[in-house]
Amino acid sequence: MGHTRINLSYMRSAEQYISEHIDTFQSEIFEFLRIPSISASPEYLHEMGEAATWLKGMMENSGLEAKIYKTPGNPIVLGESSKAGENAPTVLVYGHYDVQPPEPLDLWTSPPFEPEIRDGRLYARGSSDDKGQLYLHLKAAEAFLKGVGNLPINLIVLAEGEEEVGSPNLLPFVKKHSDQLACDIAVISDTGMMAPGLPSILCSLRGLAYFDIEVSGPSSDLHSGVYGGPVVNPALALAQILASLQDSKGKITIGNFYDDILDWSSQAKKQMKELPFNQQELERFIGAELCGGEKEFSVLERLWTRPTCEINGLNSGYTGTGAKTVLPSTAQAKISFRLVPDQTPQRIENLFRKHIEKVTPKGVQVTIKQLHGGMPWRAQLSDELKHAVNSALEKVFNKRAVIAGEGGSIPIVRDLETVLDSPVLLLGFSYPGCNLHAPDEWFPVESIENGIRTIAHLYHEISLMAKIC
Ligand code: BES
Ligand code: ZN
């Protein structure tokens, strides 16, 4: 009894700290979001360093010890608090401080790096993905360290600046520092909730295999009248190659593509059917009919449990105004596959290369480069951990959480689980329609307080768990 009472007042002090400092938190997030930490372009190298330095300073302000580590790419920032002692669990928080390029700029209502609140939404690039959400963890830690005096868990915050470009330098870092990063559970807030006010625990992510393909033919552009006919047109060859990837029933036609797919359990399928998903609402929202892909699967199944093949970009020949009778010498495409367990980017690359070899017409050459790869992931949470998350969410949202899947990818998740041998929990606070990667990205203002409070409760609930796995 005595123990419970102490815990209650302890949580009350943390909660009080959060509500008393919410205005400061908001202005701090604004500062962070003003730094254009765009990882895709080398032009922003200086800003990447600035964001890493800001983050280190903020970790220290929150009461963590922090250090910046150089990598061949953008720096990794590591924050730590290990005063809870050897018997307390260690939580590792992973997030990213890089953002996607904001273009097209003219479609933003307010500039992407000048944060603005309108109608309860905080608009800025990175507000949801992921600077805003990474920040929430620092403040939950601060509520304990400054509001109460001690944190009930040991905490490691691992923040990278290259997630949006496929995390090329993170796995070597995690492997090299695996002793220092050892934890009982990893927590990531880089996803969203199924609906506003409906707390959601993520049970799956799709993986990714992303390729650049170039078809080349004649050594330079040619007059399409003088040479057209016997010269194979690279743009047409590329179109034929691309058209060969999927049939009219939405099936990917690469040999053995579906071989490694694991079925979802009947319990998981049943849970998915019970989720509050409204197809018409989503269609209206994105302005598209949801009639693509494999029709024998429901929309949520197609989004979360099935692999896809997407053409992300195409480039060839003349695309300016008017006509130009050119036979282009090259044609390029960006092609990506979303993967599901247990497909791997390596195996898909092999199958893709074999397929391309088979379908490439004579007279052109194809070069393929893999740009990103990330493993698909399915959550492995113990009942005790699920209970801890559910209690934390219920205290803030007064509602039972749903278990939801996701179609997007976070490349390091599966490797974190494997290298650190710890479960990963994905708990995000953005809403559907937060415009991730798009103009007018926003984060719900109410998710700032709800998120920090939930995370604080989560840290507390985890500290009460006898043994995590
Ligand atoms: N935060 C997203 C991933 C995400 C968003 C997962 C919403 C689930 C729901 C992340 O920053 C991202 O955009 N990932 C990229 C992967 C990458 C290698 C560029 C993706 O999914 O395209
Ligand atoms: Zn992203």
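Scroll up to find the structure.
Just so it is clear, the structure is predicted and the values come from calculations on it, not from any experiment.

Cut-off values and rules
- Residues numbered from 1 in each chain as written.
- Chains lettered and ligands numbered in written order.
- Predicted model: local features only at pLDDT ≥ 70, side-chain atom pairs only at ≥ 80, totals over all residues.
- Heavy atoms only, no water.
- Core = buried A, V, L, I, M, F, W, Y, C linked by side-chain atoms within 4.5 Å.
- Buried < 20%, exposed > 50% of the residue type's maximum accessible area, 1.4 Å probe, protein only.
- Contact = heavy atoms within 4.5 Å.
- Helix = DSSP H or I, 4+ residues; strand = E, 2+ residues; numbered from the N terminus.
- Phe/Tyr/Trp six-rings, centres within 6.5 Å; stacked < 30°, edge-to-face > 60°.
- Lys NZ or Arg CZ within 6 Å of the ring centre and 35° of its normal.
- Pairing = 2+ DSSP bridges.
- Axes fitted to C-alpha atoms, helices over the stretch in contact; angles between N-to-C directions.
- Near = heavy atom within 4 Å.
- Polar contact = N/O pair within 3.5 Å; in protein donor to acceptor, adjacent residues only side chain to side chain.
- Nonpolar A, V, L, I, M, F, W, Y, C, P; charged D, E, K, R; others polar.
- Donors = N, O, S within 2.8 Å, 3.2 Å for Na, K, Ca; no water.
- Tetrahedral: all angles 85-135°; square planar, octahedral: opposite > 155°, others 65-115°.

Focus: the nonpolar core
Grouped together as the largest cluster of nonpolar side chains are 70 residues, with contacts concentrated most on L55, V91, Y97, L155, L425 and Y459. Non-local contacts of L425, meaning those with residues more than four positions away in its chain, are made with I185, A186, V187, I188, I201, L381, V389 and L458.

Here we look at the environment of G79
For G79, the location among the structural elements is in strand β2 (residues 76-81). With a relative accessible area of 0%, G79 lands in the buried category. Beyond its immediate chain neighbours, meaning those up to four positions away, G79 contacts M59, L64, E65, A66, L155, I156 and V157.

Some details on the packing of aromatic side chains
Applying the stated rule across the entire model yields 10 aromatic pairs. Between F257 and Y258, the aromatic rings sit 5.2 Å apart at their centres with planes inclined by 80°, giving edge-to-face as the arrangement. Positioned above the aromatic ring of Y258 is the side chain of K251, whose terminal nitrogen or guanidinium carbon lies 5.4 Å from the ring centre.

Quick look at unusual backbone geometry
Backbone torsion omega between E103 and P104 reads 0°, so that peptide bond is classified as cis. Between D129 and D130 the backbone carries a cis peptide bond, its omega angle lying at -5°. A positive phi angle is found at D421, which is not glycine, with a value near 50°. Counting through the fold element by element, D421 comes out in the loop between α13 (413-420) and β17 (424-426). D421 sits in the exposed class, given a relative accessible area of 63%.

Some words on the sheet that holds strand β7 (residues 185-188)
Two strands in a sheet stick together by hydrogen bonds in their backbones, pointing the same way (parallel) or opposite ways (antiparallel). If you walk across this open sheet you meet the 6 strands as β1-β2-β6-β3-β7-β17, and the pairing is mixed. A single partner strand is all that each edge strand has here, and the edge strands are β1 (65-69) and β17. Mean inter-strand twist for the sheet, computed between neighbouring axes without regard to direction, equals 20°. One ladder, built from 3 bridges, connects β7 with β17; its direction is parallel. Residue pairing across strands places I188 opposite L426, the latter belonging to β17. Helix-sheet contacts for helix α3 (residues 45-61) involve β1, β2 and β6 (154-160), and the interaxial angle to β1 is about 165°.

Re the site of ligand 1
Around ligand 1, a shell composed of 17 residues is seen, among which E163, D190, R338, S409 and H437 lie nearest. Within the side chain of H437, an N or O atom sits 2.8 Å from an oxygen atom of ligand 1. Here the shell around ligand 1 is built from residues that sort into 4 nonpolar, 7 polar and 6 charged.

Brief notes about the sheet that holds strand β15 (residues 377-378)
With respect to topology, 3 strands assemble into an open sheet ordered β15-β8-β16, the strand pairing being mixed. Looking at strand neighbours, the two that pair on one side only are β15 and β16 (402-405), the edges of this open sheet. Direction of pairing for strand β8 (residues 200-205) relative to β16: parallel, over a ladder of 4 bridges. Counted as the bridge partner of I201 is I403 from β16.

Focus on the coordination of the zinc ion (ligand 2)
For the zinc ion (ligand 2), every protein donor is listed as D129 (OD), E164 (OE), E164 (OE) and H437 (NE2), and the spread of their distances is 2.0 to 2.6 Å. Here the zinc ion (ligand 2) binds 6 donor atoms, and the angle range of 55 to 154° at the metal identifies the geometry as irregular. Look at where the donors of the zinc ion (ligand 2) fall in the sequence and you get D-x34-E-x272-H. Taken together, the residues D129 in the loop between β5 (121-123) and α4 (131-145) and E164 in the loop between β6 and α5 (170-176) connect sequence positions 35 residues apart. A single burial state applies to D129 and to E164, both of which are buried.

Some points on the side chain of S422
Position of S422 among the secondary structure elements: in the loop between α13 and β17. Relative accessible area serves as the criterion here: at 3%, S422 is assigned to the buried category. Beyond its immediate sequence surroundings of up to four residues, S422 is in contact with C183, D184, I185, A186 and E417.

Nothing here speaks to function; it is geometry throughout.
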